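Architecture at a glance
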Amino acid sequence: MKVDISSILALDFDGVLCDGLIEYFETAWRTYCQIWSFNSPTPPEEIAASFYRLRPVIETGWEMPILVKALIGGISEQEILHKWGEIAQTILLEDKLIASDIALKLDQIRDEWISTDVASWLNLHRFYPGVVEKMQSLLDSDLQPMIVTTKEGRFVSQLLQQQGVEMSAKLIIGKESKRPKHQILKELIAETQAKIWFVEDRLKTLQLVQQQPNLAAVKLYLADWGYNTASEREQARQTPGIELISLPIFTQKNFPTC
């Protein structure tokens, strides 16, 4: 990962540049139907709407079909927001499920979908207003954009290319890197000595960065349009070193280059 630059704008992908909620739910629904032997290609509309609102509670992929199960079971959105960890573990125990097995099944379902109809999979992703233009302008600036994401880099590249944004593969660090984001940021600083601005929609990810003493100089932003809750946004407002940023400000902001 050799990047010869002095100023980097590191960006998460899902929840910052791209909204993948429709794909997330469709994959979660297909996985739910397989695990619980529920034969319905069309989920109830109200379940999808609730899933979209509750997406911020999900930290790892295995929780996605569990969230669908909770909603189908009639657990309220408020209860899920406040007790999600407990609810998820209860469903695992009651149904004698193992999180890693669910994760594997979900990945298999997604991989099969991608291998048989990648176009329909890609088409369920939507870029947030103004971010495509922002990326295009960054590519022509002295500030180097990089994408640090848990999505596979090849799919990030394809989605960007569909919008006319061509980024070198070395500037997209995806799921295949198998390293936490704070580790990737450490490596970038070690290799480039660059000044880094990092925009992410997961508060816990930013907090992990804050806990690393050698990342104290990284400027952190929580994207308020992404997959986070009102309480997390309020927590970010009260946290020194983390700045809450809105989509209009992000797309118009001139990040410094020195």
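Residues numbered from 1 in each chain as written. Predicted model: local features only at pLDDT ≥ 70, side-chain atom pairs only at ≥ 80, totals over all residues. Heavy atoms only, no water.

This brings us to the overall build of the protein. A count of helices and strands for the protein gives 11 helices and eight strands. Judged by the C-alpha coordinates and their principal axes, the protein covers about 55 × 40 × 30 Å. Evaluated residue by residue, the protein yields a buried proportion of 51% over its 258 residues. Accessible area for the protein stands at about 12600 Å²; split by element, carbon and sulfur atoms hold 50% of it. With 26 positive and 34 negative side-chain charges, the protein shows a spacing of 3 Å between the two charge centroids. (Helix = DSSP H or I, 4+ residues; strand = E, 2+ residues; numbered from the N terminus. Buried < 20%, exposed > 50% of the residue type's maximum accessible area, 1.4 Å probe, protein only. Areas by Shrake-Rupley, 256 points an atom, 1.4 Å probe, with all protein chains shown as cover. Lys, Arg positive; Asp, Glu negative; His and termini not counted. Charge placed at Lys NZ, Arg CZ, Asp CG, Glu CD.)

What follows is about the pairing of strand S6 (residues 195-200). Most of S6 sits inside the fold, with five of its six residues counted as buried. Pairing analysis gives five bridges linking strand S1 (residues 7-11) to S6, with the strands arranged parallel. Considered in S6, the bridge of leucine 11 is made with valine 199. As a crossover connection, the stretch from S6 through helix H9 (residues 203-210) into strand S7 (residues 219-223) is right-handed. (Pairing = 2+ DSSP bridges. Right-handed = clockwise from strand over helix to strand, strands pointing away.)

This next bit is on the sheet that holds S1. Taking strand neighbours across the sheet as the criterion, the six strands line up as S5-S4-S1-S6-S7-S8 in an open arrangement whose pairing is parallel. Here the strands that pair on one side only, and so sit at the sheet edges, are strand S5 (172-173) and strand S8 (242-245). The sheet contact formed by strand S4 (residues 144-148) and S5 spans two bridges and is parallel. For isoleucine 147, the partnering residue across the bridge sits in S5 and is isoleucine 172. On the sheet, H9 packs against S6, S7 and S8 and is oriented at approximately 170 degrees with respect to S7. (Contact = heavy atoms within 4.5 Å. Axes fitted to C-alpha atoms, helices over the stretch in contact; angles between N-to-C directions.)

What follows concerns the pattern of salt bridges. A complete count under the given rule lists 12 salt bridges for this structure. Notably, a salt bridge pairs aspartate 107 with lysine 175, separated by 4.0 Å at the nearest N-O pair. Taken as a pair, aspartate 107 in helix H5 (residues 99-122) and lysine 175 in the loop between S5 and helix H8 (181-192) lie far apart in primary sequence, 68 residues in all. The partly exposed category is assigned to aspartate 107, whose relative accessible area is 28%. (Salt bridge = Lys/Arg side-chain N within 4 Å of Asp/Glu carboxyl O.)

Let us now look at the pairing of S1. Within S1, five of the five residues are buried, leaving the element largely enclosed by the surrounding structure. Going residue by residue along S1, you find Ser7, Leu9 and Leu11 tucked away on one face and Ile8 and Ala10 tucked away on the opposite face as well. The pairing of S1 with S4 spans four bridges and is parallel. Bridge pairing in S4 places leucine 9 opposite proline 145.

Once that is clear, we can look at the packing of aromatic side chains. Tallying each qualifying case throughout the model produces 11 aromatic pairs. Of the aromatic side chains, those joined through ring pairs into one cluster are Phe25, Trp29, Tyr32, Trp36, Phe38, Phe51 and Tyr52. Above the face of the tryptophan 113 ring, arginine 30 is positioned so that its terminal group lies 3.9 Å from the ring centre. (Phe/Tyr/Trp six-rings, centres within 6.5 Å; stacked < 30°, edge-to-face > 60°. Lys NZ or Arg CZ within 6 Å of the ring centre and 35° of its normal.)

We now examine the packing of helix H1 (residues 21-35) against helix H2 (residues 45-54). Close contact between H1 and H2 brings their axes to 10 Å; oriented N to C, the two are set at 120 degrees. Of the possible angle classes, the one that applies to H1 and H2 is oblique. H1 and H2 meet at a crossing whose hand is right-handed. Across the interface between the two elements, Leu21, Ile22, Tyr24, Phe25 and Ala28 of H1 pack against Ile47, Ala48, Phe51 and Tyr52 of H2. (Parallel < 35°, antiparallel > 145°, perpendicular 65-115°, else oblique. Left-handed = near helix turned anticlockwise from the far one by under 90°.)

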